[in-house]
Every structure is written in structure tokens, then in C-alpha cells.
Amino acid sequence: MSAVETRLREILRSGPVVPVYTPASVPEAVAVARALVRGGIRAIEITLRNAIALDAVRAVADEVPEALVGAGTVLTPAQLDAALAAGAMFLVSPGSTTALLDAARATAAPLLPGTANASDIMRSLEAGFATLKFFPAEAIGGAAALGSYAAPLAQAMFCPTGGITPQSAPAYLALPNVLCVGGSWLTPKAALAAQDWSQVETLARAATALART
Ligand SMILES: O=C(O)C(=O)C[C@H](O)[C@H](O)COP(=O)(O)O
């Protein structure tokens, strides 16, 4: 396995849950990252879904050294480059296009490509990516579907994301081909609007207690 993929797996294994978070502002992102770190969650995926998201990645990378900040919703090679330049330590994509996989391979970027079926997984493995997102996990068969790939596609390891809750997370975390799960439940909109960072910290602490085998 490449050094890049080894490091990517270390980041994903730093906790049972990687929070997926869309920042409303740069100061909010820094406060959220600090609260997650206080609660014991270091890896955080900031989605590139609005104009300030890249600045949020940069600020968390600069100001919260304990955080392992990644960029999510990376759809294009240009976004991949911009996220790396902002300091993203990993990149997450909902799918796995040839353009994106080629760009990530060319720059040895720590990309977690999105996959939803056996053909996606096989294409990603062929392209040299064995650490994958399984998306949208709950809608495409959940832990039962993902577990079905453990035997025939044993080299692929996953971070399932999409609709996962604290209740459904343990079934994924018990699978042999799961590194962690992704989810937005650690950063509820109401808590962010109220700047209730202690709630984020409490949710993070609860997430660290989820069993992982
Ligand atoms: O932005 C991306 O790259 C995505 O693929 C989407 C995220 O994985 C989901 O938005 C997770 O959110 P929940 O389903 O609420 O846990």
C-alpha cells in the first residue's frame, strides 16, 4: 500500500465517526473543529458546498492543529487542487469519475472516492484506490449491502456515509471492511445556529464510544 493510502487509513481510523459538516462561516468552522477535538474526534470533513468552505478548511488547518481536516464534496480536479492548497489532509468525493481519479493519482492526493456498487469498487481498485467511500450508504442497502463486498472485494476498505445515525452506525462498524462511518449528526443545524459548541462536543464524545471491531 502507498504511504498516502496508509496515512489516509490512519486518519479515517482516528475515530469511529468522521463528521461531515458544511460550514456557515469561517469562525463557526473553527469553533466546531475545536468542539469536536475536545470531544475526542479529530478527523473532520468540511464539504465544499459554499463560497466560504475553502476558507473554512484553511482556517481549521491553520488554527486547530489537533484536527485532521479534510474536504468533502470534491467533484472536480480543480476543487481537489484548491482543497489541497488550502491544507486539506484528505479529500472525499460522492462518486468516482475518471477525471477525478486520474487527477488524484497524478498528484498522489489522499482521495476517498465514492462508490455505490461492485463495478464502482472494481474500477476504483483498478485505478489504484482501495480506501473508498460507500455512498449513500443507507439508501443503497446499508450495512448488509456493504458487508456483501467484504469477501469478493476484500482489499477494499470503506467509510460508509449517507443517512447513517448513531443507531445504525454499530452495524457498519462491526464489518471487516469498514474503517469508520461518516455522518452529519455530530453537527446539528440547530446547535450550530445557537452556537452551542458544548452540544457538538457532547455528540462527539458519544460518537467516540461507538464500538469498533
Ligand atoms: O458531500 C459529499 O461529498 C457527500 O457525499 C454527502 C455526504 O456524505 C452526506 O451529506 C452525509 O450527510 P448525512 O447523510 O446527513 O450523514
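What counts, and at which threshold
- Residues numbered from 1 in each chain as written.
- Predicted model: local features only at pLDDT ≥ 70, side-chain atom pairs only at ≥ 80, totals over all residues.
- UniProt positions renumbered as here; feature names shortened; annotations may be inferred.
- Helix = DSSP H or I, 4+ residues; strand = E, 2+ residues; numbered from the N terminus.
- Rg over C-alpha atoms; globule rule 2.2 N^0.38 Å.
- Buried ≥ 20, exposed ≤ 12 C-beta atoms within 10 Å, placed from the backbone.
- Arc of directions from axis to C-beta.
- Contact = placed C-beta atoms within 7 Å.
- Axes fitted to C-alpha atoms, helices over the stretch in contact; angles between N-to-C directions.
- Parallel < 35°, antiparallel > 145°, perpendicular 65-115°, else oblique.
- Left-handed = near helix turned anticlockwise from the far one by under 90°.
- Nonpolar A, V, L, I, M, F, W, Y, C, P; charged D, E, K, R; others polar.
- Near = placed C-beta within 6 Å.
- Pairing = 2+ DSSP bridges.

As recorded in an unreviewed UniProt entry, the chain goes by 2-dehydro-3-deoxy-phosphogluconate aldolase and comes from Chiayiivirga flava. Annotation of the chain in UniProt includes, under Catalytic activity (unreviewed entry), the sentence "2-dehydro-3-deoxy-6-phospho-D-gluconate = D-glyceraldehyde 3-phosphate + pyruvate". Of the comments in the UniProt record for the chain, the one headed Sequence similarities (unreviewed entry) reads "Belongs to the KHG/KDPG aldolase family."

Caption draft 1: Highlighting the overall build of the chain. Along the backbone of the chain there are 10 helices and 9 strands. Compactness check: the chain gives a C-alpha radius of gyration of 16 Å against a globular reference of 17 Å for 213 residues, within 12% of the reference. A principal-axis box enclosing the C-alpha atoms of the chain has dimensions of 45 × 35 × 30 Å. Looking at the chain residue by residue over its 213 residues, the buried ones come to 46%.

Caption draft 2: View of helix H1 (residues 3–12). Inspection of H1 places Leu-8, Ile-11 and Leu-12 among the buried residues, and these make up the whole buried set. The buried residues of H1 all sit within an arc of 95° when viewed along its axis, so they share a single face. Turned more than 90 degrees from where H1 packs its buried face, Ala-3, Thr-6 and Glu-10 sit exposed.

Caption draft 3: Local environment of the environment of Glu-201. Within the secondary structure, Glu-201 is located in helix H10 (residues 197–208). Residue Glu-201 is classed as buried on the basis of its C-beta count, with 20 C-beta atoms lying within 10 Å. Dropping the residues within four chain positions of it, Glu-201 is found in contact with Ala-35, Arg-38 and Gly-39.

Caption draft 4: View of the packing of helix H2 (residues 26–38) against H10. Close contact between H2 and H10 brings their axes to 7 Å; oriented N to C, the two are set at 40°. Relative to H10, the element H2 lies oblique. Like other packed secondary-structure pairs, H2 and H10 cross with a definite hand, here right-handed. Side by side, H2 and H10 meet where Ala-31, Val-32, Ala-35, Leu-36 and Arg-38 of the first sit next to Trp-197, Val-200, Glu-201 and Ala-204 of the second. For the contact of H2 with H10, a count of residues per class yields 7 nonpolar, no polar and 2 charged.

Caption draft 5: Main features of the site of the ligand. Neighbouring residues of the ligand: 14 residues in total, closest Thr-73, Pro-94, Thr-161, Gly-183 and Ser-184. Across the shell around the ligand, the residue classes break down as 5 nonpolar, 9 polar and no charged.

Caption draft 6: Focus on the sheet that holds strand E7 (residues 131–134). If you trace the 3 strands from one edge of the open sheet to the other, you get E6-E7-E8, paired in parallel fashion. Bordering the open sheet on either side are strand E6 (114–115) and strand E8 (157–160), each of which pairs with just one other strand. As paired strands, E7 and E8 are joined by 4 bridges and run parallel to one another. When the bridges of E8 are listed, Phe-134 appears paired with Pro-160.

Caption draft 7: Here's a closer look at unusual backbone geometry. The residue after Phe-135, namely Pro-136, is reached through a cis peptide bond having omega -10°. Backbone geometry at Thr-73 places phi at a positive 55°, although glycine is not the residue there. Looking at Thr-73, the number of C-beta atoms within 10 Å reads 19, which means it is partly exposed. Even without being glycine, Ala-108 reaches a positive phi, approximately 50°. Looking at the secondary structure, you find Ala-108 in the loop between helix H5 (98–106) and strand E5 (111–112).

Caption draft 8: Quick peek at the environment of Gly-141. One can find Gly-141 in the loop between E7 and helix H7 (142–147). For Gly-141, a count of 14 C-beta atoms within 10 Å gives the class partly exposed. In this structure, the C-alpha to C-alpha distance between Gly-141 and Ala-116, residues 25 residues apart in sequence, is 9.6 Å.

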